[in-house]
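Take a look at the letters that make up each chain.
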Amino acid sequence: STPAAQTGQVVAAETFAPTATGVMMNLGDPELAEKYSTLPADGIGLMREEFLWTTYIHEHPLYLIEQSHPETVVNMLANGIAKVVRAMAPRPVVLRLSDFKSSEYRKLKGGDKYEPHESADLLGWRGASRYYDPKYIDAFKLELAAVKKVRNEFGLKNLNIMIPFVRTVEEAQKVTDIIKSEGLIRSADFKVYMMAEIPTNIILADQFNQFVDGYSIGSNDLAMLILGCDRNNDTVAHLFDERNLAVKRAIRHLIKTAHKDGKTVSICGQAPSEYPDFTNFLIQSGIDYVSVNPDMVKETKRNVAHFEQRIMLDKATGRGLQDPVDYDWE
Ligand code: PEP
Ligand code: MG
């Protein structure tokens with residue numbers, strides 16, 4: 001048949017029903033924000049700050065500070081963030097603050113001088129552990145200054161932040177104290193989230209709750225750390241599976257504990273992008289948002305609408321959805 005474009009025939013665009021569970025997307029290349037903004041996503045659930053550094057800045061933050069270019073860094077970072085946030089407005093964007101591993105930082109210009117050589121940098125100096133460290137805190141403050149600039153000077157209020165790789169409750173306290181003291185105050189229109197990607201985040205969720213507005217499950221790191229299985233090691237790759245019952249129990253426990261204090265839970269690891277069935281499990285567990293890769297947004301939005309309808313029908317008929325495995329850990 002002749003393509004519609006040639007015959008001048010109008011093809012109705014697919015419409016996507018709103019869903020109770022929000023469907024967000026994970027954005028990689030910030031230059032693609034404009035293009036992907038047309039997707040039916042409810043926002044960006046994960047914008048990794050690392051992509052902004054490798055796309056727009058290319059230099060190690062401590063090197064730039066030593067070269068006394070702090071203003072330039074803040075401007076470059078703020079402009080990069082703003083590009084994404086503006087493209088998505090008014091939908092919310094969650095910017096995850098820096099989570100480079102030391103080997104990745106070393107690839108940025110000048111990085112060699114500041115980075116330790118770690119035998120397992122996935123378990124090393126990354127995420128929250130840098131932010132309050134006297135060796136890194138000035139760079140962290142530049143990250144926060146960029147966020148402030150986007151929100152207050154550019155007026156883009158749909159920008160929220162997320163803290164990655166928080167190992168202890170004390171770290172959550174220290175980092176959120178710094179965020180506050182830099183003038184970024186949690187409110188109805190500014191949310192501070194943390195990744196739930198370390199077993200401590202799950203086991204002590206009742207204690208983490210007070211410091212954040214909610215969580216986004218990092219199923220990549222969480223599965224690695226629950227299963228004791230290096231996510232980048234091909235030899236044990238067959239043992240790496242986010243669908244393992246231990247991971248599912250952890251996720252359900254987190255959602256339950258977070259909801260007790262009115263905190264939201266999202267997921268931005270690869271699990272729902274890779275296994276659409278996993279999304280059904282998450283919905284049955286009461287998750288608030290799922291964030292998937294751009295190429296999975298439409299399919300996920302359709303699946304979520306369909307599955308939510310099935311839940312309603314099953315409730316109405318009293319059949320009840322099957323949830324055969326024991327997901328409760330208490
Ligand atoms: C995760 O750990 O699932 C995650 C989304 O973060 P990253 O893959 O960047 O570690
Ligand atoms: Mg992670």
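Residues numbered from 1 in each chain as written. Chains lettered and ligands numbered in written order. Predicted model: local features only at pLDDT ≥ 70, side-chain atom pairs only at ≥ 80, totals over all residues.

Take A128: it is sitting in helix α7 (residues 128–131). A128 gets classed as buried once you count the C-beta atoms within 10 Å, which come to 24. When the C-alpha positions of A128 and V175 are compared, they lie 6.9 Å apart, and in sequence the two are 47 residues distant. Other than its neighbours up to four places away in sequence, A128 contacts I163, P164, F165, V166, R167, E171 and V175. (Helix = DSSP H or I, 4+ residues; strand = E, 2+ residues; numbered from the N terminus. Buried ≥ 20, exposed ≤ 12 C-beta atoms within 10 Å, placed from the backbone. Contact = placed C-beta atoms within 7 Å.)

Quick look at the nonpolar core now. One finds I44, I81, M194 and L254 to be the most contacted residues of the largest nonpolar core, which totals 87 residues. Counting residues per element, this core draws most heavily on helix α5 (residues 70–88), which supplies ten residues. When near neighbours in sequence (up to four residues on either side) are disregarded, I44 contacts M24, M25, L27, V84, M88, V93 and V94. (Core = buried A, V, L, I, M, F, W, Y, C linked by C-beta atoms within 7 Å.)

Moving on to the site of ligand 1. The local shell around ligand 1 consists of R48, D99, E197, G218, S219, N220, D221, C268 and G269. When residues in the shell around ligand 1 are grouped by element, the largest group, three residues, is from helix α12 (residues 219–227). (Near = placed C-beta within 6 Å.)

Another aspect to go through is the packing of helix α15 (residues 276–284) against helix α16 (residues 297–317). Taken N-terminus to C-terminus, the directions of α15 and α16 make an angle of 45 degrees; their axes are 10 Å apart at the nearest point. As the angle between them shows, α15 and α16 are arranged oblique. In terms of crossing hand, the pair formed by α15 and α16 is right-handed. On α16, the residues touching P276, T279, N280 and I283 of α15 are E299, T300, N303, V304, F307 and E308. Residues that form the contact of α15 with α16 fall into these classes: four nonpolar, four polar and two charged. (Axes fitted to C-alpha atoms, helices over the stretch in contact; angles between N-to-C directions. Parallel < 35°, antiparallel > 145°, perpendicular 65-115°, else oblique. Left-handed = near helix turned anticlockwise from the far one by under 90°. Nonpolar A, V, L, I, M, F, W, Y, C, P; charged D, E, K, R; others polar.)

Let us now look at the environment of D206. Relative to the helices and strands, D206 resides in helix α11 (residues 205–208). Once the C-alpha coordinates of D206 and L225 are considered, the two residues, 19 residues apart in sequence, prove to be 20 Å apart.

Relative orientation and spacing of two packed helices are given, respectively, by the angle between their axes and the distance between those axes. It is at 8 Å that the axes of α5 and helix α8 (residues 137–153) come closest, and there the two elements cross at 50 degrees. Compared by their axis directions, α5 and α8 come out oblique. As α5 runs across α8, the sense of the crossing is right-handed. Counted together, P70, V73, V74, L77, A78, I81, A82 and V85 of α5 and L142, E143, A145, A146, K149 and V150 of α8 form the full contact between these two elements.

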